[in-house]
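Structural overview
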Amino acid sequence: MSDTTSERSQLDEDKNPTENLAESVLADISEAIKAVACIEIEKEDFIKIGCFLYRASMVMMEFRINKNSPTNVIDILQSLSVSIDRAKNFAKKLQKNAYTFQLSEFRKILEQLEGVMKNIGDNLSSVPLSVYEDQDYAEKAAKALSKEMKAAYFKVSQTRVVDSKEKLQMLSSVDLSREDREETDKDLYSVDDEISTVNLRLSSYTESGNSGDKNDYERWSSGSLMSLPQMAQYMEPLYDTFFCPLTKKIMDDPVTIENGVTYERTEILEWFHKFENPEEIVCPKSGQKINSTNLSTNVALKATIDEWKERNETARIKVARAALSLASTENMVLEAIDDLQSVCNRKSYNKVQVRSFGMIPLLANFLNHKNRSIRCAALELLRELAEDDDEGQEIIATTVDISRVIKMLSSNHRPIRHASVSLLFVLSRTQFLCDEIGAVAGGILMLITAKYRQSIDAFTSEKADEILKNLEKLPNNIKLMAENGYWDPLLTHLVEGTEEMRMEMANYLEEIVLGPESKTNVAEKASPALLQMVHTGNSLSRNAAFKALKKISSYHPNAKILVEAGIIRIMVEEMFKRTIHNEPMNSKTEAAAILANILESGKELEDFQVSIHGQTMASDYIIYNIVHQIKNSTPDELNINLIRILLCLMKFPKASATIVSVIKETEASFNLIELINFSNDDLGVVSIKLLITLSAFMGHTLSTILCKTRGQPESLIQNPTEITRITEKDAVSVNFLAKLPHQNLTLNLALVNGNIVPTIIKSISQVQITGTRSSRYANAYFEGLVGILVRLTTTLYDHQILLQARTYNFTSVLTELLTKSYTDEVYKLSAIGLENLSKQSINLSMPPQMKKKKILKFFIFRQCSLPKSSKGEEFSLCPIHRGVCSSQETFCLLDAKADEQLLAFLDYENVEVVGAALSALCTLLDDNVDVEKSVSLLCEKRAIQQVLNVVKEHREEALRQKSFWVIERFLLKGGDKSASDISQDRLLPSTLVSAFHHGDECTRQMAENILRSLNKMPTLYNTFTM
């Protein structure tokens, strides 16, 4: 058994016997109507029978609605069931064999149907009045139906025969008309057929029967029988006196003329105006001459007609409800909705009646129908029911799926868009429904989209704009609009709203993520209002305004707007002058954050006046107050923002000089170093960044303070096994140590004594394994580690540091760094470190003492690790350093093959790297080494060509001087071979001439010496005066 069948069975168990029996009778009536509607012979009689049955179904509906029916109702329903079952069988028999029956057989069946109608009339007359409860119109309609059915009479005409061919043509034309009315659904949000099936209480009555019956019933609904309004009129008896003789329509304002005939007022007046001569006026019905055109209202008839209309409209509503419940065909649904609209338009109270019959839930189901015409009609009727009716709006809010209505805004069918936006506009007038509409996911976004598509659909755009204005009643909707890119409502309420509203808008402004296209626009419109709130608002308003300004200032292009609005002076006053202690927030922290954001934008504010006394951001007073507030007791957030301000001011010469002076004179440097180890990593990072900047001005002072601080400097470098992920603090910490003066022996010894060197070597090895892409800070961290190693190479004269350099083979480590892909800074530092190490090689390289005792030779071997020859008697001497050398013990570049890597970097793009590599190579041409052998070895490796390329490609003064120095050494010690190689370079002379003309004194002298060596300049000899 399917889920639907199970649910239906459960519902049947919950119903009382009367309700179940009434539904069974309704199902039989539905089948009987289907059969009757398909009979073409004696069509008028069978239309009458169909109307009788349909009107009887309305009485059955009363049995279903009434839960306290008398006991004899069961007997009445059973008798009705038997009669209707007979009528159904007779109708089906005629439907199947109407064209084969003889006249006598046809007449006999029709007489039997007549008897069945009379029996049904008798049964209806015996229905107790309590079934109708207080609904007088239902009682009157049932009595009128009973009376008509008792008097039913059907007569067979012998000449009324329909040809089979004509019948087929008629059916074909009906089917075409039905197809024309069906429309293809092309909405953006398509409706599933399974969802769109209106599966209400009475829909089960139409499920039985074969497909042929269904098609016949649809044909009846589309034109074979009368429309629903016409059928409703059969439920209330009509009288000829209701109709105007001129229009043949029911009168609204009946008036009586002189001869006693009643007409519609407007029609008879129009008739009178047709006569130019009043004496020629005659009665349009009798032709009798009219002497007077006076009209008298037929009060009695008007009251009767009005009463009939009221009863008829109620009946029409019930008929329409039944039609919507059955929903057998699309045409039936459309006619029912159209009729309900006409009923609602006639009188406002009719909306209450339509609503009381449970019509809104039915219409809500039709919003999912596959036919877009039905969806559109349902939307329009719902709008009519919601118009100026708070109760109707509340029912719609709890019954209708508002999200479905909003989705229809994207339909490509214009009428549906217009109907949905019109319904939403009516609903948005109520505050409760404003919340419902705003709560729909993506609803406000769709309304904003519709608003900005004016060129595509002006009506929808205008209505969407009005809906959004209505939704502004709720602050949360304003927030949603801003989140979806529509900022105007929020900014308008921020400027023009009440203090409470302005505060709420400022809070929203701080919460919402600003899009790139809206950041500047928001800053321009919101900044003046927010600054005013800072000046005049209460504590909560000020807090909200500060947070919003902080958010706006974080977007650096907004700095200019904020500065022009006067924010700098206000923030400085908040930082230094405001002394209100009972505020629930610290405005200094927020003010400092805003000021730091603006300064970080790069705007030059060094000379910007921040007070009425002419003080600027670089003034001693301002900087002193900032520095003075940086201490352990200050809240972390405020410390962070104050240090950020100082970091920005350090970019300006005047301000930086003042900052350095104030820090030297105060304990600020101690405070900054103490803040490094605070648990707040952000505070530690900005503190170290400021210390790195200050190290260029007071590096030795900071080194001394750092060494005197407990736990420093070793706490700045973590053990690599403790690092799960390289953080910014790790990176800036090692860079701080690397940037402090390299020659500071106190700090270098502290690093060595703190056993930091093995930690650095392990960390370098770990980064080499994991790669620098493991973290965004890995490159900076790696550069800092290498920088610390390099700083130790500047104080190798200390035996502890020398031992560390030998133990961990600094030469090999730095040479290896030149062989892999790292940053330019790493290459430069490695070359500098190799230069420092190579300078010590001549001092560390000692000739072997072959005549010493074995024990002495053993001691020397242990101490200097001097290599022996394979025979154990001779030692291999370094040709350059004239002694026993190794990369580990004497830092020999040749033994480490570092010279090859350094030569390769002479072709590098980065000038600083080239300069560092060339400086390291220059140590191999120093006067203390064997220059001739060094030149010879370098010539074999084509070093002179590399140096000549450096001269031609780089114009930096310092780099040219080094290159010229190397060329001089080759010319001086390299012999004819070097001179020949140098002289063959065609571009060198022009480069030398240019340097001779435009270089500094040292460069000119070097260029002159080389030109003379190449015979490009005359040699000056000493002249003597006789």
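For the structure, check the block above.
Thresholds applied
Residues numbered from 1 in each chain as written. Predicted model: local features only at pLDDT ≥ 70, side-chain atom pairs only at ≥ 80, totals over all residues. Heavy atoms only, no water. Axes fitted to C-alpha atoms, helices over the stretch in contact; angles between N-to-C directions. Helix = DSSP H or I, 4+ residues; strand = E, 2+ residues; numbered from the N terminus. Parallel < 35°, antiparallel > 145°, perpendicular 65-115°, else oblique. Left-handed = near helix turned anticlockwise from the far one by under 90°. Contact = heavy atoms within 4.5 Å. Nonpolar A, V, L, I, M, F, W, Y, C, P; charged D, E, K, R; others polar. Salt bridge = Lys/Arg side-chain N within 4 Å of Asp/Glu carboxyl O. Buried < 20%, exposed > 50% of the residue type's maximum accessible area, 1.4 Å probe, protein only. Phe/Tyr/Trp six-rings, centres within 6.5 Å; stacked < 30°, edge-to-face > 60°. Lys NZ or Arg CZ within 6 Å of the ring centre and 35° of its normal. Expected span 1.5 Å × (residues − 1). Polar contact = N/O pair within 3.5 Å; in protein donor to acceptor, adjacent residues only side chain to side chain. Pairing = 2+ DSSP bridges.

Looking at the packing of helix α24 (residues 488-496) against helix α26 (residues 519-536)
The packing of two helices is summarised by the inter-axis angle and the distance between the axes. For the pair α24 and α26, interaxial distance at closest approach is 9 Å and the crossing angle is 25 degrees. As far as their axial angle goes, α26 and α24 are roughly parallel. Remark: the crossing between α24 and α26 carries left-handed chirality. Only N521, V522, K525, A526, A529, L530 and M533 of α26 make contact with α24, whose side of the interface consists of D488, L491, L494 and V495. In terms of residue class, the contact of α24 with α26 is made up of eight nonpolar, one polar and two charged.

Looking at the pattern of salt bridges
Enumeration over the complete set of coordinates arrives at 33 salt bridges. In this structure, the salt-bridge partner of K463 is E466, at a minimum N-O distance of 3.7 Å. Of this pair, K463 and E466 are both found in helix α22 (residues 458-471), three residues apart, which corresponds to roughly one turn of the helix. The buried category is assigned to K463, whose relative accessible area is 18%. When its relative accessible area of 25% is taken as the criterion, E466 is described as partly exposed. Here R1012 makes a salt bridge to E1008, at a shortest N to O gap of 2.3 Å. Taken as a pair, R1012 and E1008 lie in helix α52 (residues 1001-1013) at a separation of four residues, close to a single helical turn. Each of the two residues, R1012 as well as E1008, counts as buried.

Things to note about the packing of helix α37 (residues 745-753) against helix α39 (residues 778-792)
Between α37 and α39, the shortest axis-to-axis distance is 10 Å and the interhelical angle comes to 115 degrees. Put simply, α37 runs roughly perpendicular to α39. Note on packing geometry: the crossing formed by α37 with α39 is left-handed. Contacts from L747, N748, L751 and V752 of α37 reach α39 at I788, R791 and L792. Across the contact of α37 with α39, the residue classes tally to five nonpolar, one polar and one charged.

Topic: α24
Counting along an α-helix, one turn takes 3.6 residues, and residues three or four places apart therefore face a common direction. Those residues of α24 that sit buried are P489, L490, L491, H493 and L494. For α24, the secondary structure elements touched by its buried residues are α23 (475-483), α25 (499-511) and α26.

What about the packing of aromatic side chains?
Any pair of aromatic rings gets described here by the distance separating the centres and the angle formed by the planes. Within the structure shown, the criterion is met by six aromatic pairs. Ring centres 4.7 Å apart and planes at 55 degrees place the aromatic pair Y827 and F905 in the tilted group. Of this pair, Y827 sits in helix α42 (residues 824-839) while F905 sits in the loop between α45 (898-904) and α46 (911-922), placing them 78 residues apart in sequence. Given a relative accessible area of 7%, Y827 falls into the buried group. Relative accessible area serves as the criterion here: at 8%, F905 is assigned to the buried category. Aromatic side chains F905 and Y908 sit 5.4 Å apart centroid to centroid with 55 degrees between the ring planes, which places their arrangement in the tilted category. Here the aromatic cluster, defined as three or more aromatic residues joined through ring pairs, consists of Y827, F905 and Y908. A cation over an aromatic ring shows up here: K451 above the ring of Y452, its NZ or CZ 5.4 Å from the ring centre.

With respect to helix α36 (residues 728-739)
Given a rise of 1.5 Å per residue, twelve residues ought to cover 16 Å, and the 16 Å separating the end C-alpha atoms of α36 matches this to within 8%. Counting buried positions along α36 yields ten of twelve residues, so the element is predominantly enclosed. Listed in full, the buried residues belonging to α36 are K729, D730, A731, V732, S733, V734, N735, F736, L737 and A738.

A look at the side chain of T811
Its place among the elements puts T811 in helix α41 (residues 810-817). At a separation of 3.0 Å, a polar atom in the side chain of T811 contacts the main-chain carbonyl oxygen of S887. The residues contacting T811, other than those within four sequence positions of it, are L834, L837, S887, F891, C892 and A896.

Things to note about the environment of L802
Residue position: L802 is located in helix α40 (residues 799-807). For L802 and Q840, which are 38 residues apart along the polypeptide, the C-alpha to C-alpha distance reads 10.0 Å. Apart from residues no more than four positions distant in its own chain, L802 is found in contact with L796, L844 and F891.

A few points about the environment of L837
By secondary structure assignment, the location of L837 is in helix α42. Sequence spacing of L837 and T794 is 43 residues, and the spatial spacing of their C-alpha atoms is 8.2 Å. The residues touching L837, leaving out its near neighbours within four places in the chain, are T793, L796, F810, T811, L814 and F891.

Examining unusual backbone geometry
Note the cis peptide between Q712 and P713, where omega equals 0 degrees. Secondary-structure assignment places P713 in the loop between α35 (681-708) and α36. Even without being a glycine, N809 presents a positive backbone phi close to 50 degrees. With respect to the element layout, N809 can be found in the loop between α40 and α41. Under the relative-accessibility criterion, N809 is labelled buried at 17%. Backbone geometry at R882 places phi at a positive 65 degrees, although glycine is not the residue there. As for its position among the elements, R882 is in the loop between α44 (854-864) and α45. Residue class for R882 comes out partly exposed when judged on its relative accessible area of 45%.

Things to note about the environment of K933
Tracing the backbone shows K933 in helix α47 (residues 931-940). Take K933: its relative accessible area is 45%, and that puts it in the partly exposed class. Remark: the alpha-carbon pair of K933 and P879, spanning 54 residues in sequence, is separated by 6.6 Å.

Observations concerning the sheet that holds strand β3 (residues 296-297)
Ordered by their spatial adjacency, three strands build an open sheet running β2-β1-β3, and the pairing between neighbours is antiparallel. With partners counted over all chains shown, the strands left at the sheet margins are β2 (262-264) and β3, one partner each. Pairing between strand β1 (residues 254-256) and β2: three bridges, direction antiparallel. The residue bridging P254 from the neighbouring strand is E264, located in β2. On the sheet, helix α12 (residues 299-326) packs against β1, β2 and β3 and is oriented at approximately 160 degrees with respect to β1.

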